Amino acid sequence: MASGFTESPVLIEASGVSLNFASRTILSDVGVTVRAGEIVTLIGPNGAGKSTLVRVILGLMPPSSGKVERRGGLVIGYMPQNLTIDPIQPLTIARFLTLGARRKEDASNDRLESLMTEVGAGPALDSPVQAMSSGEMRRVMLARALLRDPGLLVLDEPGQGVDINGQAELYRLIGRIRDERGCGVLMVSHDLHLVMAETDHVICLNRHVCCQGHPEAVTRDPVYADLFGEQAARGFAFYHHNHDHRHGSDGRVVPLEGQETGGTGDHG
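Here the structure is a predicted model, which means the values were calculated and not measured. (Residues numbered from 1 in each chain as written. Predicted model: local features only at pLDDT ≥ 70, side-chain atom pairs only at ≥ 80, totals over all residues. Heavy atoms only, no water.)

**Q** Looking at this structure, I do not really get unusual backbone geometry. What am I missing?
**A** Keep in mind that most residues, glycine aside, have a negative phi and that most peptide bonds are trans. Phi at Glu157 takes a positive value of approximately 50°, unusual for a residue other than glycine. Following the sequence through the fold, Glu157 ends up in the loop between β6 (152–156) and α5 (164–181). Judged by relative accessible area, which is 5%, Glu157 ranks as buried. Phi is positive for Arg207, which is not a glycine, with a value near 75°. When you line up the elements, Arg207 lands in the loop between β8 (201–205) and β9 (209–213). (Helix = DSSP H or I, 4+ residues; strand = E, 2+ residues; numbered from the N terminus. Buried < 20%, exposed > 50% of the residue type's maximum accessible area, 1.4 Å probe, protein only.)

Right, dumping it as structure tokens:
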């Protein structure tokens, strides 16, 4: 458990979770705990069971053994890894955001505009979703996950399809949302070097929990080196993005307040 969060209330806890399918072990005795205000990140190679574990935690798949316990009344916002939208389906951003909305106030333009501003999404609400870039779509999907003011955000590969600069900015945005809202975050990522600055606790998964702890401690674990290679363990797992600007959802360079554009940054 990440230091500083042991006194925070537990939002969701999976313990002893195993999942078998057709005599194949998908998950074996996995445990995950997320507390209020904490960002927990699941990392691991392809086929490690990360997305499957998320589906079990969300109650979309029953485990073969083990249990998942939620705090009473917990509202969860979910951002899936992939989303396929029919290219000829007439669907605006506003309509996409409110699909499945349970409260009338969630569908108001003021509410939707506020969410779009919070995630830094640029397109107008009446724009078609098909016209969005990958980065814009990820931010709109994040806005939709925030629609019901969740106590827990579950984000499966939130940087999917976004370039490295856009991913770094997106992960910083997730960190700010956690800070401002005080929600817990369970995040899936392939890239610890990108998310480690915004992560409190890392669980390295390869069907079972290989190692876990603070991001820097995990990168020094021999199991991490076995899974991701010696380069990652020797320091390539760290990513520094010290630009004097940020990147907008459409990829444009946006100067930070009081500064001029022009820095090249430090990409480690």
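**Q** Is there a simple way to explain the packing of helix α3 (residues 109–119) against α5 in this structure?
**A** Two packed helices can be described by the angle between their axes and the distance between those axes. Interhelical geometry of α3 versus α5 gives an angle of 125° and a closest axis separation of 10 Å. Classified by the interaxial angle, the pair formed by α3 and α5 is oblique. Contacts from Leu115, Glu118 and Val119 in α3 reach Leu173, Ile177 and Arg181 in α5. Across the contact of α3 with α5, the residue classes tally to four nonpolar, no polar and two charged. (Axes fitted to C-alpha atoms, helices over the stretch in contact; angles between N-to-C directions. Parallel < 35°, antiparallel > 145°, perpendicular 65-115°, else oblique. Contact = heavy atoms within 4.5 Å. Nonpolar A, V, L, I, M, F, W, Y, C, P; charged D, E, K, R; others polar.)

**Q** Where do I start with helix α4 (residues 134–145) in this structure?
**A** Count 3.6 residues to each turn of an α-helix, and residues three or four apart come out pointing the same way. Relative to the 16 Å expected for twelve residues at 1.5 Å per residue, α4 spans 17 Å between its end C-alpha atoms, a close match to the ideal helical length. Among the twelve residues in α4, ten count as buried, and that is most of the element. Burial in α4 covers these residues: Gly135, Glu136, Met137, Arg138, Arg139, Val140, Met141, Leu142, Ala143 and Ala145. (Expected span 1.5 Å × (residues − 1).)

**Q** What am I meant to see in the packing of α3 against α4 here?
**A** Remark: α3 packs on α4, axes separated minimally by 9 Å, with the N-to-C direction vectors making an angle of 125°. The orientation of α3 relative to α4 falls into the category oblique. Handedness of the α3/α4 crossing: right-handed. Along the contact surface, α3 presents Leu115, Met116 and Val119, while α4 presents Arg139, Val140, Leu142 and Ala143. When its residues are assigned to classes, the contact of α3 with α4 shows six nonpolar, no polar and one charged. (Left-handed = near helix turned anticlockwise from the far one by under 90°.)

**Q** Looking at this model, I keep getting lost on the sheet that holds strand β4 (residues 65–70). Mind explaining?
**A** The pairing of strands in a sheet happens through backbone hydrogen bonds and is either parallel or antiparallel. Read from one edge to the other, the open sheet built from three strands follows the order β2-β1-β4, with strand pairing classed as antiparallel. Edge positions in the sheet fall to β2 (24–35) and β4, since each has one partner strand and no second. Averaged over neighbouring strand pairs, the angle between their axes works out to 10° when direction is ignored. Pairing between strand β1 (residues 10–21) and β2: eight bridges, direction antiparallel. If you follow Asn20 over to β2, its bridge partner there is Thr25. Contacts from helix α1 (residues 50–57) reach β1, β2 and β4 within the one sheet, and its direction differs from that of β2 by about 60°. (Pairing = 2+ DSSP bridges.)

**Q** What am I meant to see in the environment of Gln167 here?
**A** Tracing the sequence through the fold places Gln167 in helix α5. Residue Gln167 is classed as buried on the basis of its relative accessible area, which comes to 12%. Spatially, the C-alpha atom of Gln167 lies 9.9 Å from that of Asp191, the residues being 24 residues apart in sequence. Leaving out residues up to four positions away in the same chain, Gln167 has contacts with Gly159, Val162, Asp191 and Leu194.

On their own, these measurements won't tell you what the molecule is for.
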